[in-house]
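The residues making up each chain are set out below.
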Amino acid sequence: MFRKRLLLFAVLSALTLVVSACGGGSGDEPGLGEVFDGIGDAAGENDNDGGGGIPGAGEAGAVTVTADPSVARVEVDGQTIEFTVPGSVHHSCYIDEDRVSINYQQTESGDLLIQGQNLGDGWLLNLTVVPLDSNIQYGASLPGNGNLGIDGEALSYEGPVDKVEDRDIANASQVDVELAVNCEAPGDGIQVALGGTEYDVRFSGSVICEFGDEAIDVSLGDARAFGGAQDAELQFNVIKTEDGWFGVASVRTADSSSYRSEVTAEATQPTIDGMTISYEGVFSSDAGDVDGSMSFTCP
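As a starting point, this report considers the structure included with it. (Residues numbered from 1 in each chain as written. Predicted model: local features only at pLDDT ≥ 70, side-chain atom pairs only at ≥ 80, totals over all residues. Heavy atoms only, no water.)

1. Quick word on unusual backbone geometry
Then step 1. Leucine 142 connects to proline 143 through a cis peptide bond whose omega is 5°.
Then step 2. Mapped onto the fold, proline 143 is located in the loop between strand S7 (136-142) and strand S8 (147-151).
Then step 3. Look at aspartate 133: it is not a glycine, yet its phi comes out positive at around 50°.
Then step 4. Examined against the element boundaries, aspartate 133 turns out to sit in the loop between strand S6 (123-131) and S7.
Then step 5. Phi at serine 256 takes a positive value of approximately 70°, unusual for a residue other than glycine.
Then step 6. Topologically, serine 256 is positioned in the loop between strand S16 (244-253) and strand S17 (258-263).
Then step 7. Here serine 256 falls in the partly exposed class, since its relative accessible area comes to 47%. (Helix = DSSP H or I, 4+ residues; strand = E, 2+ residues; numbered from the N terminus. Buried < 20%, exposed > 50% of the residue type's maximum accessible area, 1.4 Å probe, protein only.)

2. A short note on the packing of aromatic side chains
Then step 1. With the rule as written, the count across this model stands at four aromatic pairs.
Then step 2. Aromatic pair phenylalanine 236 and phenylalanine 296: ring centres 6.2 Å apart, planes at 65°, arrangement edge-to-face. On the criterion of sequence distance, the pair formed by phenylalanine 236 in strand S15 (residues 232-241) and phenylalanine 296 in strand S20 (residues 288-297) is long-range, its members being 60 residues apart. The pair phenylalanine 236 / phenylalanine 296 is uniform in exposure class, with both members buried.
Then step 3. Every member of this aromatic cluster is reached through a ring pair, and the members are Phe236, Tyr279, Phe283 and Phe296. (Phe/Tyr/Trp six-rings, centres within 6.5 Å; stacked < 30°, edge-to-face > 60°.)

That's the geometry; what it means functionally is another story.
Okay, here's the thing in C-alpha coordinates:
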(Lines give C-alpha, C1' and ligand atoms only; values in the text may rest on other atoms or scores of the structure.)
Protein backbone atom coordinates (compact mmCIF):
# COMPACT_ATOMS: atom_id res chain seq x y z
CA MET A 1 0.00 0.00 0.00
CA PHE A 2 2.73 2.46 0.97
CA ARG A 3 4.63 1.70 -2.24
CA LYS A 4 1.51 2.53 -4.25
CA ARG A 5 1.24 5.83 -2.42
CA LEU A 6 4.84 6.72 -3.21
CA LEU A 7 4.35 5.79 -6.86
CA LEU A 8 1.27 7.98 -7.13
CA PHE A 9 3.12 10.85 -5.51
CA ALA A 10 5.97 10.52 -8.01
CA VAL A 11 3.49 10.75 -10.87
CA LEU A 12 1.85 13.82 -9.37
CA SER A 13 5.24 15.46 -8.88
CA ALA A 14 6.06 14.98 -12.55
CA LEU A 15 2.86 16.78 -13.39
CA THR A 16 3.73 19.69 -11.11
CA LEU A 17 0.76 18.97 -8.91
CA VAL A 18 2.73 18.77 -5.67
CA VAL A 19 1.27 20.93 -2.94
CA SER A 20 4.46 21.55 -1.00
CA ALA A 21 4.78 25.10 -2.32
CA CYS A 22 1.90 26.13 -0.11
CA GLY A 23 2.54 27.34 3.44
CA GLY A 24 1.24 25.48 6.43
CA GLY A 25 -1.67 26.09 8.73
CA SER A 26 -1.45 27.99 11.99
CA GLY A 27 1.46 27.99 14.40
CA ASP A 28 3.94 25.15 13.93
CA GLU A 29 1.74 23.08 11.64
CA PRO A 30 3.70 21.57 8.72
CA GLY A 31 3.34 22.78 5.16
CA LEU A 32 0.48 21.19 3.27
CA GLY A 33 2.87 19.11 1.21
CA GLU A 34 4.77 17.66 4.17
CA VAL A 35 1.96 15.59 5.63
CA PHE A 36 0.44 14.52 2.32
CA ASP A 37 3.59 13.35 0.56
CA GLY A 38 2.40 10.02 -0.79
CA ILE A 39 -1.25 10.36 0.22
CA GLY A 40 -3.93 9.92 -2.40
CA ASP A 41 -5.40 6.46 -1.99
CA ALA A 42 -8.90 7.76 -1.29
CA ALA A 43 -9.23 8.94 -4.86
CA GLY A 44 -6.26 7.25 -6.51
CA GLU A 45 -6.78 3.50 -6.31
CA ASN A 46 -9.69 3.01 -8.67
CA ASP A 47 -10.59 2.03 -12.19
CA ASN A 48 -11.06 5.63 -13.32
CA ASP A 49 -8.08 6.25 -15.57
CA GLY A 50 -9.51 8.91 -17.87
CA GLY A 51 -6.19 10.76 -17.86
CA GLY A 52 -4.19 8.33 -19.98
CA GLY A 53 -4.08 5.60 -17.33
CA ILE A 54 -2.99 7.87 -14.47
CA PRO A 55 -4.68 6.77 -11.20
CA GLY A 56 -7.26 9.25 -9.96
CA ALA A 57 -7.73 11.11 -13.25
CA GLY A 58 -11.17 11.40 -14.79
CA GLU A 59 -13.82 13.60 -16.32
CA ALA A 60 -15.48 16.58 -14.66
CA GLY A 61 -19.26 16.74 -14.74
CA ALA A 62 -21.80 19.30 -13.58
CA VAL A 63 -21.32 21.25 -10.36
CA THR A 64 -23.42 19.57 -7.65
CA VAL A 65 -22.91 21.88 -4.65
CA THR A 66 -22.30 25.63 -4.66
CA ALA A 67 -20.79 28.41 -2.55
CA ASP A 68 -21.15 32.19 -2.51
CA PRO A 69 -18.77 34.26 -4.68
CA SER A 70 -15.16 34.27 -3.39
CA VAL A 71 -16.02 31.57 -0.82
CA ALA A 72 -14.97 27.92 -0.50
CA ARG A 73 -16.93 25.56 1.76
CA VAL A 74 -15.91 22.12 3.00
CA GLU A 75 -18.20 19.74 4.88
CA VAL A 76 -16.35 16.83 6.44
CA ASP A 77 -16.54 14.78 9.64
CA GLY A 78 -19.76 16.51 10.69
CA GLN A 79 -18.26 20.01 10.51
CA THR A 80 -18.55 22.83 8.00
CA ILE A 81 -15.40 24.82 7.25
CA GLU A 82 -15.84 28.05 5.30
CA PHE A 83 -12.81 29.69 3.71
CA THR A 84 -13.03 33.42 2.91
CA VAL A 85 -10.55 35.71 1.21
CA PRO A 86 -9.91 38.68 3.55
CA GLY A 87 -7.29 37.75 6.10
CA SER A 88 -5.53 35.22 3.86
CA VAL A 89 -1.76 35.42 3.70
CA HIS A 90 -2.20 34.59 0.03
CA HIS A 91 -5.20 33.80 -2.11
CA SER A 92 -5.67 32.58 -5.66
CA CYS A 93 -8.78 31.20 -7.29
CA TYR A 94 -8.44 30.32 -10.97
CA ILE A 95 -10.42 27.84 -13.02
CA ASP A 96 -10.38 27.50 -16.78
CA GLU A 97 -10.61 24.69 -19.33
CA ASP A 98 -6.97 23.68 -18.79
CA ARG A 99 -6.08 24.10 -15.13
CA VAL A 100 -7.21 24.80 -11.59
CA SER A 101 -5.29 26.81 -8.99
CA ILE A 102 -7.16 27.46 -5.75
CA ASN A 103 -5.33 28.54 -2.60
CA TYR A 104 -6.81 29.87 0.63
CA GLN A 105 -3.63 30.08 2.67
CA GLN A 106 -3.56 30.69 6.43
CA THR A 107 -7.09 32.00 6.78
CA GLU A 108 -9.12 32.24 9.95
CA SER A 109 -10.43 28.74 9.11
CA GLY A 110 -7.17 27.08 8.09
CA ASP A 111 -5.77 26.21 4.66
CA LEU A 112 -7.28 24.90 1.44
CA LEU A 113 -5.29 24.00 -1.67
CA ILE A 114 -6.56 22.55 -4.95
CA GLN A 115 -4.15 22.36 -7.88
CA GLY A 116 -4.05 20.45 -11.12
CA GLN A 117 -4.81 20.37 -14.80
CA ASN A 118 -6.81 18.89 -17.61
CA LEU A 119 -4.67 16.11 -19.10
CA GLY A 120 -6.62 16.18 -22.35
CA ASP A 121 -8.82 13.18 -21.65
CA GLY A 122 -9.40 13.74 -17.95
CA TRP A 123 -8.74 15.98 -14.96
CA LEU A 124 -6.23 15.28 -12.19
CA LEU A 125 -6.34 17.60 -9.19
CA ASN A 126 -4.64 17.47 -5.81
CA LEU A 127 -6.79 18.46 -2.81
CA THR A 128 -5.52 19.31 0.67
CA VAL A 129 -7.57 20.68 3.57
CA VAL A 130 -6.02 21.75 6.88
CA PRO A 131 -8.53 22.92 9.52
CA LEU A 132 -7.27 25.64 11.85
CA ASP A 133 -5.62 24.47 15.10
CA SER A 134 -6.21 20.83 14.28
CA ASN A 135 -4.10 17.69 14.30
CA ILE A 136 -6.18 16.39 11.38
CA GLN A 137 -5.53 16.95 7.68
CA TYR A 138 -7.42 15.71 4.62
CA GLY A 139 -6.13 14.98 1.12
CA ALA A 140 -7.02 13.24 -2.14
CA SER A 141 -6.43 13.10 -5.87
CA LEU A 142 -9.57 14.15 -7.76
CA PRO A 143 -11.90 12.97 -9.17
CA GLY A 144 -10.92 9.40 -8.33
CA ASN A 145 -13.91 7.58 -6.86
CA GLY A 146 -15.81 10.82 -6.25
CA ASN A 147 -17.78 13.27 -8.37
CA LEU A 148 -15.85 16.30 -9.61
CA GLY A 149 -17.81 19.19 -11.11
CA ILE A 150 -16.45 22.20 -12.99
CA ASP A 151 -18.59 24.94 -14.53
CA GLY A 152 -17.11 28.34 -15.36
CA GLU A 153 -15.57 29.67 -12.14
CA ALA A 154 -17.25 27.10 -9.90
CA LEU A 155 -15.92 23.74 -8.72
CA SER A 156 -17.44 20.99 -6.59
CA TYR A 157 -16.38 17.58 -5.31
CA GLU A 158 -18.32 14.92 -3.43
CA GLY A 159 -16.51 11.74 -2.49
CA PRO A 160 -13.83 10.17 -0.31
CA VAL A 161 -10.66 11.77 1.04
CA ASP A 162 -7.78 10.45 3.15
CA LYS A 163 -7.82 11.59 6.78
CA VAL A 164 -4.47 11.84 8.57
CA GLU A 165 -4.29 12.34 12.35
CA ASP A 166 -1.12 13.48 14.11
CA ARG A 167 0.83 13.19 10.83
CA ASP A 168 0.46 9.40 10.91
CA ILE A 169 0.31 8.69 7.16
CA ALA A 170 0.62 4.93 7.58
CA ASN A 171 -2.71 4.78 9.40
CA ALA A 172 -4.73 7.16 7.25
CA SER A 173 -8.46 6.49 7.16
CA GLN A 174 -11.13 7.49 4.65
CA VAL A 175 -14.05 9.86 5.14
CA ASP A 176 -16.50 11.54 2.78
CA VAL A 177 -16.25 15.22 1.94
CA GLU A 178 -18.49 17.77 0.24
CA LEU A 179 -16.56 20.65 -1.32
CA ALA A 180 -17.79 23.78 -3.11
CA VAL A 181 -15.66 26.64 -4.45
CA ASN A 182 -16.81 29.80 -6.25
CA CYS A 183 -14.01 31.89 -7.78
CA GLU A 184 -16.31 34.71 -8.86
CA ALA A 185 -15.69 38.09 -7.25
CA PRO A 186 -18.44 39.49 -4.99
CA GLY A 187 -21.09 41.85 -6.34
CA ASP A 188 -20.80 42.69 -10.01
CA GLY A 189 -17.15 41.71 -10.13
CA ILE A 190 -14.09 43.93 -10.56
CA GLN A 191 -13.95 46.43 -13.41
CA VAL A 192 -10.87 48.47 -14.29
CA ALA A 193 -10.44 50.60 -17.42
CA LEU A 194 -7.56 52.87 -18.40
CA GLY A 195 -7.62 54.97 -21.54
CA GLY A 196 -10.45 52.87 -22.96
CA THR A 197 -8.68 49.54 -22.31
CA GLU A 198 -10.35 47.11 -19.91
CA TYR A 199 -8.17 45.06 -17.56
CA ASP A 200 -8.72 41.74 -15.83
CA VAL A 201 -8.39 42.03 -12.05
CA ARG A 202 -9.03 38.84 -10.09
CA PHE A 203 -9.96 38.47 -6.45
CA SER A 204 -6.47 37.18 -5.64
CA GLY A 205 -3.12 37.98 -4.09
CA SER A 206 -2.71 39.27 -0.55
CA VAL A 207 -6.26 40.60 -0.50
CA ILE A 208 -7.01 43.53 1.80
CA CYS A 209 -10.57 44.78 2.28
CA GLU A 210 -10.67 47.08 5.29
CA PHE A 211 -13.65 49.43 5.48
CA GLY A 212 -14.26 52.06 8.16
CA ASP A 213 -16.12 55.34 8.58
CA GLU A 214 -12.85 57.26 8.52
CA ALA A 215 -10.60 55.14 6.28
CA ILE A 216 -10.73 52.56 3.50
CA ASP A 217 -7.82 50.31 2.55
CA VAL A 218 -8.25 47.92 -0.39
CA SER A 219 -5.77 45.81 -2.36
CA LEU A 220 -7.02 43.35 -4.99
CA GLY A 221 -5.42 41.22 -7.68
CA ASP A 222 -1.99 40.03 -8.73
CA ALA A 223 -0.87 41.40 -12.09
CA ARG A 224 1.62 38.56 -12.63
CA ALA A 225 -0.40 35.61 -11.36
CA PHE A 226 -2.08 34.31 -14.51
CA GLY A 227 0.12 35.51 -17.34
CA GLY A 228 -2.45 37.50 -19.32
CA ALA A 229 -1.44 40.70 -21.08
CA GLN A 230 -4.46 42.48 -19.61
CA ASP A 231 -4.01 41.23 -16.04
CA ALA A 232 -3.81 43.97 -13.42
CA GLU A 233 -4.06 44.70 -9.72
CA LEU A 234 -5.57 47.68 -7.93
CA GLN A 235 -5.24 49.59 -4.69
CA PHE A 236 -7.62 52.10 -3.17
CA ASN A 237 -6.45 53.90 -0.03
CA VAL A 238 -8.39 56.90 1.30
CA ILE A 239 -9.19 58.70 4.55
CA LYS A 240 -12.21 60.85 5.41
CA THR A 241 -11.59 64.57 5.92
CA GLU A 242 -13.90 67.51 6.50
CA ASP A 243 -13.80 68.19 2.77
CA GLY A 244 -14.42 64.60 1.67
CA TRP A 245 -12.33 61.56 0.83
CA PHE A 246 -8.59 62.07 0.30
CA GLY A 247 -6.02 59.51 -0.88
CA VAL A 248 -4.89 57.48 -3.88
CA ALA A 249 -6.39 55.07 -6.41
CA SER A 250 -3.76 53.08 -8.32
CA VAL A 251 -3.49 50.30 -10.88
CA ARG A 252 -0.49 48.13 -11.80
CA THR A 253 -0.64 46.19 -15.06
CA ALA A 254 1.06 42.96 -16.15
CA ASP A 255 3.77 44.86 -18.04
CA SER A 256 4.71 46.63 -14.76
CA SER A 257 3.14 49.94 -15.79
CA SER A 258 1.78 51.91 -12.83
CA TYR A 259 -1.14 54.33 -12.94
CA ARG A 260 -1.99 56.67 -10.07
CA SER A 261 -4.94 58.96 -9.45
CA GLU A 262 -5.17 61.48 -6.61
CA VAL A 263 -8.49 61.34 -4.78
CA THR A 264 -9.20 64.85 -3.48
CA ALA A 265 -12.13 67.12 -2.78
CA GLU A 266 -11.30 69.03 -5.96
CA ALA A 267 -11.29 65.86 -8.08
CA THR A 268 -14.04 63.29 -8.58
CA GLN A 269 -15.07 61.75 -5.27
CA PRO A 270 -15.66 57.99 -5.05
CA THR A 271 -19.16 56.57 -4.87
CA ILE A 272 -19.44 54.29 -1.84
CA ASP A 273 -22.44 52.05 -1.29
CA GLY A 274 -21.87 49.65 1.56
CA MET A 275 -18.83 47.59 0.53
CA THR A 276 -19.04 48.63 -3.12
CA ILE A 277 -16.83 51.43 -4.45
CA SER A 278 -16.84 53.13 -7.85
CA TYR A 279 -14.29 55.73 -8.85
CA GLU A 280 -13.49 57.72 -11.99
CA GLY A 281 -10.58 60.07 -12.44
CA VAL A 282 -7.40 60.98 -14.28
CA PHE A 283 -4.62 58.41 -13.84
CA SER A 284 -1.01 59.48 -14.34
CA SER A 285 1.77 57.20 -15.58
CA ASP A 286 5.20 57.44 -17.21
CA ALA A 287 3.43 57.25 -20.57
CA GLY A 288 1.13 60.17 -19.77
CA ASP A 289 -2.29 60.83 -18.30
CA VAL A 290 -5.37 58.78 -19.16
CA ASP A 291 -8.98 58.76 -18.03
CA GLY A 292 -9.63 55.73 -15.89
CA SER A 293 -12.18 54.04 -13.69
CA MET A 294 -12.50 51.21 -11.20
CA SER A 295 -15.39 49.45 -9.51
CA PHE A 296 -15.35 46.57 -7.02
CA THR A 297 -17.13 45.01 -4.07
CA CYS A 298 -15.52 43.62 -0.94
CA PRO A 299 -17.20 40.78 0.98
